[in-house]
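Spelled out, the chains give:
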Number of protein chains: 2
Amino acid sequence: MRATTTTTRDPAGLASDLRVSVWRAARRMRRESDPGITPTLHAALFTLETHGPMTAGQLASHESVQKPTMTRTIQALVDGGLARRTPDPLDGRVTWLAITPQGTRLLQRTRQRTDEFLTKRLETLTVEERDLLARASDLLARIAEKDPDA
Amino acid sequence: MRATTTTTRDPAGLASDLRVSVWRAARRMRRESDPGITPTLHAALFTLETHGPMTAGQLASHESVQKPTMTRTIQALVDGGLARRTPDPLDGRVTWLAITPQGTRLLQRTRQRTDEFLTKRLETLTVEERDLLARASDLLARIAEKDPDA
DNA sequence: TATTGTTATACTCTATAACTATA
DNA sequence: TATAGTTATAGAGTATAACAATA
């Protein structure tokens with residue numbers, strides 16, 4: 001196994017390591033996650049829950065996907081009764097999205113009962129390691145944000 | 001934004017946060033990464049570089065994908081001249097995979113010159129934050145490994 | 001004209017099931 | 001029979017290009 005510590009202070013080397021480990025972790029999580037909801041739908045629904053109602057374009061921007069991609073994701077959420085579309089009364093081009101009670105319940109169930117694989121793995125770590133991952137989770141979220149200067 | 005710190009010591013809540021942030025980071029990295037190689041090919045090639053020659057089955061197991069999936073990945077690497085197939089001289093069913101010099105060069109170029117987006121983002125962090133991410137990268141790799149008891 | 005969102009189309013990544021060749 | 005790998009097929013997730021409706 002390559003020693004990640006050798007690249008710690010070198011952003012390019014860390015980038016290379018992170019790219020691999022994040023990709024593998026994402027793949028593994030997808031494989032093990034709750035069959036009731038895919039990671040893509042989960043992430044979008046989570047955003048609707050935490051940010052409140054958003055337009056389709058805002059949601060696409062927040063998730064760093066193109067609008068047609070978000071159209072599909074939204075369609076899947078609406079078909080599943082997890083989100084609801086509401087036309088904007090003033091601007092006929094705009095669609096507002098909101099999580100439904102059913103969507104909220106699904107997220108609650110997911111948090112309580114699912115992610116079993118990941119939860120089990122995390123339980124094998126020390127409290128310090130979980131603290132570290134929690135802070136890393138915030139850093140990853142910051143890295144994945146849209147360019148501040150874009 | 002949901003406060004991740006509230007879930008730090010709770011493995012299930014951390015699992016939920018990590019699932020979202022890792023998924024988003026993976027998506028963003030794919031979108032921004034070197035157009036010359038996809039994350040899936042990069043990860044497999046990286047494994048061949050660090051572990052040396054492996055059979056197709058070993059590689060599939062290491063990457064946590066099914067064998068048919070790895071067959072496709074390998075085919076893409078071989079088509080691109082990045083890896084080489086060699087039949088096992090003793091067991092006719094087995095195929096050995098090895099990285100080619102061209103594959104090694106591509107990984108070097110990727111490390112040096114690409115991952116620009118990610119490198120730039122990492123440069124905006126403090127040294128401490130990069131240290132933290134480096135250790136998190138190891139933890140994520142451990143989490144994504146095959147079950148120790150499977 | 002510019003913007004919001006959708007439809008059409010295509011490519012990547014992944015899986016399961018069935019198959020071939022070899023042991 | 002069992003194992004290693006491939007082929008066939010399907011589904012999820014994403015993108016770009018072209019379009020419709022509205023501003």
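Conventions adopted
Along each chain, the written sequence defines residue order, and numbers are assigned to residues from 1. The lettering of chains begins at A and the numbering of ligands begins at 1, in the order of writing. Only residues with pLDDT of at least 70 get local features here, since the model is predicted, and only at 80 or more are side-chain atom pairs given and counted; chain-wide, interface and lining totals rely on the full set of residues. Where side-chain values are given, they derive from all heavy atoms of the structure, hydrogens and water being excluded. When the copies are superposed, the least-squares fit draws on C-alpha atoms of residues that have pLDDT of at least 70 in both. Contact between two residues is taken to exist if any of their heavy atoms lie within 4.5 Å; hydrogens are not considered. It suffices for a single heavy atom of a residue to lie within 4 Å of a molecule or strand for the residue to be listed as near it. Nitrogen and oxygen atoms within 3.5 Å of one another constitute a polar contact, given that in protein one can donate a hydrogen and the other can accept it, and given that sequence-neighbouring residues count only through two side-chain atoms. Secondary structure elements are taken from DSSP: a helix is a run of H or I of four residues or more, a strand is a run of E of two residues or more, and numbering for both begins at the N terminus. For this classification, the nonpolar set comprises Ala, Val, Leu, Ile, Met, Phe, Trp, Tyr, Cys and Pro, the charged set comprises Asp, Glu, Lys and Arg, and every other residue, Gly included, is treated as polar. What gets called buried area is simply the loss in accessible area from a 1.4 Å probe that two parts show on being joined, summed for both. Any Lys or Arg side-chain nitrogen found within 4 Å of a carboxyl oxygen on Asp or Glu counts as a salt bridge. To define axes, lines are fitted to C-alpha atoms, for helices over the stretch in contact only, and angles between the resulting N-to-C directions are given on a 0 to 180 degree scale. Between 65 and 115 degrees an angle is taken as roughly perpendicular, under 35 as roughly parallel, over 145 as roughly antiparallel, and anywhere else as oblique.

(A) Inspection of the relation of the copies chain B and chain A at higher detail. For the pair chain B and chain A, the superposition axis carries a translation of 0.0 Å, the fit reaches an RMSD of 0.1 Å, and the rotation angle comes to 180°. Taken together, the rotation angle and the small translation identify this as a two-fold axis. Both copies present the same face, since 100% of the interface residues in chain B are matched by interface residues at the equivalent positions in chain A.

(B) How the structure looks around the protein's contact with DNA strand D. Taken together, 25 residues surround DNA strand D, and among them T38 and G92 of chain A together with R27, G57 and R85 of chain B come closest. By atom count, sugar and phosphate contribute 66% of the portion of DNA strand D lying within 4 Å of the protein. A distance of 2.8 Å is found between a phosphate oxygen of DNA strand D and a side-chain nitrogen or oxygen belonging to T38 of chain A. For the surface near DNA strand D, the secondary structure elements donating two or more residues are α4 (67–79) of chain A together with α1 (11–32), α3 (56–62) and α4 (67–79) of chain B. Of the residues assigned to the surface near DNA strand D, the class counts are 6 nonpolar, 9 polar and 10 charged.

(C) How the structure looks around the interface of chain B and chain A. Across the boundary between the two partners, chain B contributes 72 residues, which contact 72 residues of chain A. Approximately 7,600 Å² of surface area, both sides summed, lies buried where chain B meets chain A, with 62% of it carried by carbon and sulfur atoms. On the chain B side of the interface with chain A, the three residues burying the most area are R19, W23 and I143 of chain B, jointly 11% of the side's total. Viewed at the interface, chain A and chain B are joined by 6 salt bridges. Between E63 of chain B and R27 of chain A there is a salt bridge, with the nearest N and O atoms lying 2.9 Å from each other. At the level of elements, α1, α2 (39–51), α5 (101–113), α6 (116–123) and α7 (127–144) of chain B are the ones that each hand at least two residues to the side of chain B that touches chain A. Top element by residues in the side of chain B that touches chain A is α1 of chain B. It accounts for 20 residues. For the side of chain B that touches chain A, the residue count by class is 32 nonpolar, 16 polar and 24 charged.

(D) Looking closely at the packing of helix α7 (residues 127–144) of chain A against α7 of chain B. In the contact formed by α7 of chain A and α7 of chain B, the axes pass within 9 Å of each other and the chain directions differ by 110°. By the angle between their directions, the pair α7 of chain A and α7 of chain B is classed as roughly perpendicular. Along its contact with α7 of chain A, which presents E129, L132, L133, R135, A136, L139, L140, R142 and I143 of chain A, the element α7 of chain B presents E129, L132, L133, R135, A136, L139, L140, R142 and I143 of chain B. Among the residues forming the contact of α7 of chain A with α7 of chain B, the class breakdown is 12 nonpolar, no polar and 6 charged.

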